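# Structural overview
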Amino acid sequence: MSKAKIMIDPGHGPGCVNGGPTGYLEHEGMWKLSGYLKTALERCGCEVALTRAESERPELTERGNKAEGYDLMISEHSNAGGGRGAEAYYSVRQPENQGMAAELAEAASTVLGSPSRGAKTKRSTNDPSYDYYTVIGYAVATGCPKVFICENGFHDNTHDEAVLKQDGKLQEMAEAQAKVICAHLGVAYVGADTPAPEPGPGGFAVGDAVRVRPGAEYFATGQHMASFVRQGVLYVLQVGSGKVLVSTAPGGAATGWIRTEDLVKA
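Residues numbered from 1 in each chain as written. Predicted model: local features only at pLDDT ≥ 70, side-chain atom pairs only at ≥ 80, totals over all residues. Heavy atoms only, no water.

## Observations regarding the sheet that holds strand 5 (residues 118–120)
Ordered in space as 2-1-3-6-4-5, the 6 strands form an open sheet in which the pairing is mixed. Because the sheet does not close on itself, it has two edges, and the strands there are strand 2 (47–50) and strand 5. Direction aside, the axes of adjacent strands within the sheet are offset by 25° on average. Contacting strand 1 (5–9), strand 2, strand 3 (72–79) and strand 6 (147–154), helix 1 (residues 26–43) crosses the sheet at an angle of about 145° to strand 3. Taken strand by strand, helix 3 (residues 98–112) contacts strand 3, strand 4 (87–90), strand 5 and strand 6, and its axis lies near 25° from that of strand 6. (Pairing = 2+ DSSP bridges. Helix = DSSP H or I, 4+ residues; strand = E, 2+ residues; numbered from the N terminus. Axes fitted to C-alpha atoms, helices over the stretch in contact; angles between N-to-C directions. Contact = heavy atoms within 4.5 Å.)

Right, dumping it as structure tokens:
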């Protein structure tokens with residue numbers, strides 16, 4: 001099983017003056033939110049990348065193109081213009097993502113303590129069959145199947161801005177978004193406070209890195225092991241009675257069952 005791949009776009013880069021009345025800056029807040037989301041999703045076993053480094057400010061087209069090869073792209077922003085609450089934009093070319101967009105908007109709005117503004121699209125003024133937002137349009141063109149812009153509250157609203165200025169609330173918002181993303185990508189959400197799995201028979205737990213002890217030659221099924229299995233690091237996928245199911249990569253495809261007596265911690 002391959003890992004779910006998520007591209008996070010931290011929105012505006014340094015130098016952007018978008019901000020609130022009491023000191024919040026969009027590029028700083030959304031950089032933090034993106035980092036918290038990356039941490040949350042990686043904890044859940046996802047492969048995650050950012051469209052830019054903290055000091056960079058790439059063009060919209062470059063950011064959208066970074067979605068190529070990814071299962072989902074989310075561009076993080078905060079809003080302005082006299083409203084309150086979060087909203088999420090999905091592509092006019094991906095109508096099937098309306099429900100997920102609504103869930104992302106609801107997740108952020110709940111943390112804000114503001115009403116959700118729901119799922120939205122914005123069509124190009126040149127061709128209404130395409131998206132107005134460049135990042136969405138270019139990301140969709142790469143073949144990325146789930147593309148969103150999340151406007152996580154209005155930084156010109158004093159209530160929303162007060163929440164966005166709190167690192168703890170940004171972490172909470174990231175975890176709420178991660179739950180939605182994991183649910184739609186078929187990934188088990190693992191919370192920051194989730195206890196480590198209890199070791200199974202033989203002292204091994206899911207996720208452990210192990211090696212085959214010297215001299216062991218066969219899987220529990222009696223099938224001969226390849227040399228790269230006997231000599232490399234393996235990862236526990238499932239714990240059974242007297243045996244564990246392993247993979248040659250974390251969260252990868254199953255390689256086979258090996259008796260616990262034939263394994264040692266890596």
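Don't stop here, the text continues.
## Remarks on the nonpolar core
If you look at the biggest cluster of nonpolar residues, it comprises 38 residues, and the most contacted ones within it are Ile-6, Leu-37, Leu-41, Ile-74, Leu-104 and Ile-181. Elements that contribute at least two residues to this core include exactly strand 1, helix 1, strand 3, strand 4, helix 3, strand 6, helix 5 (158–164) and helix 6 (167–185). (Core = buried A, V, L, I, M, F, W, Y, C linked by side-chain atoms within 4.5 Å. Buried < 20%, exposed > 50% of the residue type's maximum accessible area, 1.4 Å probe, protein only.)

## Observations regarding the packing of aromatic side chains
Given two aromatic rings, their pairing is described by the distance between the two centres and the angle made by the two planes. In the structure shown here, the tally under the stated rule is 2 aromatic pairs. Their ring planes at 70° and their centres at 5.2 Å tell us that Tyr-89 and Tyr-133 sit as a pair that is edge-to-face. In this pair, Tyr-89 is assigned in strand 4 and Tyr-133 in the loop between strand 5 and helix 4 (134–141), connecting sequence segments 44 residues apart. For Tyr-89, a relative accessible area of 10% translates into the label buried. Relative to Tyr-133, the ring of Tyr-132 lies with its centre 5.2 Å away and its plane at 85°, an arrangement referred to as edge-to-face. Judged by relative accessible area, which is 23%, Tyr-133 ranks as partly exposed. Of the aromatic side chains, those joined through ring pairs into one cluster are Tyr-89, Tyr-132 and Tyr-133. A cation over an aromatic ring shows up here: Lys-243 above the ring of Trp-257, its NZ or CZ 5.0 Å from the ring centre. (Phe/Tyr/Trp six-rings, centres within 6.5 Å; stacked < 30°, edge-to-face > 60°. Lys NZ or Arg CZ within 6 Å of the ring centre and 35° of its normal.)

## Side note on the layout of surface pockets
Estimated volume of the second largest pocket: approximately 240 Å³. Those elements that place two or more of their residues in the lining of the second largest pocket are helix 2 (60–65), strand 3, helix 4 and strand 6. In the lining of the second largest pocket, the residues fall into 5 nonpolar, 4 polar and 2 charged. (1 Å grid on protein atoms, 1.4 Å probe; cavity = no way out; pocket = protein on both sides within 12 Å on 5 of 7 lines; lining within 4 Å. Points joined across faces, edges and corners; volume = space filled by probe spheres on them. Nonpolar A, V, L, I, M, F, W, Y, C, P; charged D, E, K, R; others polar.)

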